[in-house]
Amino acid sequence: MNVEVKELTKVYGQQKAVDQISFSAGTGVLGFLGPNGAGKSTTMKMLTCFLPATSGTASVCGFDVEKQSLQARGQIGYLPENNPLYLDMYIKEALAFVAGIHKIADPATRIAEVIELTGLTAEQHKKVGQLSKGYKQRVGLAQAILHDPQVLILDEPTSGLDPNQLIGIRQLIRDLGKTKTVILSTHIMQEVEAICDRVIIINKGKIAADDTLTGLLEAHGTNSLETIFVKLTNNAA
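Here the structure is a predicted model, which means the values were calculated and not measured. (Residues numbered from 1 in each chain as written. Predicted model: local features only at pLDDT ≥ 70, side-chain atom pairs only at ≥ 80, totals over all residues. Heavy atoms only, no water.)

Visitor: Would you explain the packing of aromatic side chains in this entry?
Guide: In this description, an aromatic ring pair is defined by two values, namely the gap between the centres and the angle between the planes. Following the criterion strictly, the structure yields three aromatic pairs and no others. Ring geometry for phenylalanine 23 and phenylalanine 32: centres 5.9 Å apart, planes at 40°, overall tilted. The pair formed by phenylalanine 23 and phenylalanine 32 is uniform in burial state, with each residue classed as buried. Each ring, one from phenylalanine 50 and one from tyrosine 78, has its centre 5.4 Å from the other, and the planes form 50°; the classification is tilted. Here phenylalanine 50, found in the loop between helix 1 (40-47) and strand 4 (55-60), pairs with tyrosine 78, found in strand 6 (residues 76-79); they are 28 residues apart in sequence, far enough to count as distant. Residue class for tyrosine 78 comes out buried when judged on its relative accessible area of 17%. (Phe/Tyr/Trp six-rings, centres within 6.5 Å; stacked < 30°, edge-to-face > 60°. Buried < 20%, exposed > 50% of the residue type's maximum accessible area, 1.4 Å probe, protein only. Helix = DSSP H or I, 4+ residues; strand = E, 2+ residues; numbered from the N terminus.)

Visitor: Help me out: how do you make sense of helix 9 (residues 225-233) in this one?
Guide: One turn of an α-helix holds 3.6 residues; hence residues three or four places apart share an orientation. For helix 9, the complete set of buried residues consists of Leu225, Ile228, Phe229, Leu232 and Thr233. The buried residues of helix 9 occupy an angular sector of 105° when the element is viewed end-on, so they sit on one face. Against the buried residues of helix 9 lie strand 3 (28-33), helix 7 (189-195), strand 9 (198-203), strand 10 (206-212) and helix 8 (213-219). (Arc of directions from axis to C-beta. Contact = heavy atoms within 4.5 Å.)

Visitor: Quick question: what am I supposed to make of the side chain of asparagine 83 here?
Guide: With respect to the helices, strands and loops of the structure, asparagine 83 is situated in the loop between strand 6 and helix 3 (91-101). A relative accessible area of 11% means that asparagine 83 is categorised as buried. Not counting residues within four places of it along the chain, the set of residues in contact with asparagine 83 comprises Lys136, Gln137 and Gly140.

Visitor: What exactly am I supposed to notice about the confidence of the model for the protein chain here?
Guide: Predicted coordinates in regions of low pLDDT should not be interpreted in detail. Averaged over all residues, the pLDDT of the protein chain is 93; the fraction at 70 or higher stands at 99%. By mean pLDDT, helix 6 (residues 163-176) is the weakest element of the protein chain at 88, and strand 4 is the strongest at 97. (pLDDT = per-residue confidence, 0-100.)

Visitor: What exactly am I supposed to notice about the pairing of strand 9 here?
Guide: Summarising burial for strand 9: five of the six residues are buried, a large majority. The hairpin turn running from strand 9 into strand 10, its antiparallel successor, is two residues long, and lysine 204 in that turn takes a positive phi close to 50°. (Pairing = 2+ DSSP bridges.)

Visitor: What is the right way to read the pattern of salt bridges from this model?
Guide: Pairing between side chains becomes possible if they bear opposite charge and their charged atoms approach one another. If you walk through the whole model with that rule in mind, you get eight salt bridges. Between glutamate 113 and arginine 110 there is a salt bridge whose closest N-O contact spans 3.2 Å. Residue glutamate 113 and its partner arginine 110 are both found in helix 4 (residues 107-117); the two are separated by three residues, about one turn of the helix. By relative accessible area, glutamate 113 is classed as partly exposed at 39%. One network of salt bridges, with partners in common, ties together Lys16, Asp19 and Lys206. (Salt bridge = Lys/Arg side-chain N within 4 Å of Asp/Glu carboxyl O.)

Visitor: Quick question: what am I supposed to make of the nonpolar core here?
Guide: Within soluble globular proteins, side chains that are nonpolar tend to cluster in buried spots. Among the nonpolar cores identified, the biggest contains 47 residues, and Leu33, Leu146, Leu154 and Ile201 are the most heavily contacted of them. In this structure isoleucine 201 touches Leu33, Lys206, Ile207, Ala208, Ala209, Leu216, Ile228, Phe229, Leu232 and Thr233, once residues within four positions along its chain are discounted. One finds Val3, Ala38, Met44 and Leu47 within the second-largest nonpolar core, a separate group that totals 25 residues. (Core = buried A, V, L, I, M, F, W, Y, C linked by side-chain atoms within 4.5 Å.)

Visitor: What is the right way to look at the sheet that holds strand 3 in this model?
Guide: As a general point, the strands of a sheet are linked pairwise by backbone hydrogen bonds and lie either parallel or antiparallel. Across the sheet, which stays open at both edges, the six strands sit in the order 6-7-8-3-9-10 with mixed pairing between neighbours. Sheet topology places strand 6 and strand 10 at the edges, where each strand pairs with a single neighbour. Looking at each pair of strands side by side, their axes are set apart by 15° on average, direction ignored. Along the sheet, helix 5 (residues 133-145) makes contact with strand 6 and strand 7 (151-155), crossing strand 6 at roughly 165°. Along the sheet, helix 9 contacts strand 3, strand 9 and strand 10; its crossing angle with strand 9, the most-contacted strand, is approximately 30°. (Axes fitted to C-alpha atoms, helices over the stretch in contact; angles between N-to-C directions.)

Okay, here's the thing in structure tokens:
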């Protein structure tokens with residue numbers, strides 16, 4: 001398994017944002033779902049070494065995220081929810097900067113590949129700040145996959161995309177999941193049904209469900225993931 005989480009906990013003051021969760025993830029697309037404030041983004045930030053855990057452990061490709069942080073980060077591509085970008089840079093310039101950080105051997109070739117993969121070809125000569133929200137999301141995704149990481153952690157990756165753009169990015173995520181571990185956070189249930197092999201639902205910092213999409217639907221006797229989500233999380237309102 002490329003991601004191993006054991007009793008991971010994060011406490012802010014008196015509040016447990018994440019409460020002793022355990023799961024593992026291998027090749028494929030894992031939907032990581034939950035209402036606002038459930039602990040999704042906090043978990044992702046601990047996995048990507050942005051936040052230290054209060055207790056418990058997590059490893060990425062065998063590297064402990066606390067004790068071997070640099071090695072773990074080298075295996076991860078991360079698209080955070082707020083998608084921080086260098087708005088004054090041109091797209092190629094921004095990607096070249098990221099390529100330099102990762103010491104990519106042939107940056108020009110890889111940048112061209114990623115621009116095509118993420119559908120940025122028509123916009124590639126613009127500054128990032130000139131792009132629509134949807135194209136900015138594509139730049140964030142391009143940065144995340146540029147160094148060909150084994151694990152991709154994507155927090156609301158399709159935010160701001162129009163229906164045509166959604167189709168392309170969802171297909172890209174599906175394709176990436178054939179050879180990589182993709183952990184995908186989203187509030188769009190149709191997206192999960194279209195992309196994900198497996199689903200974890202987190203509620204109030206605890207895991208409320210962890211199963212394949214088919215298994216989850218069968219266990220609850222419904223063909224609606226939205227119905228299951230509401231049933232398991234409506235006490236968080």
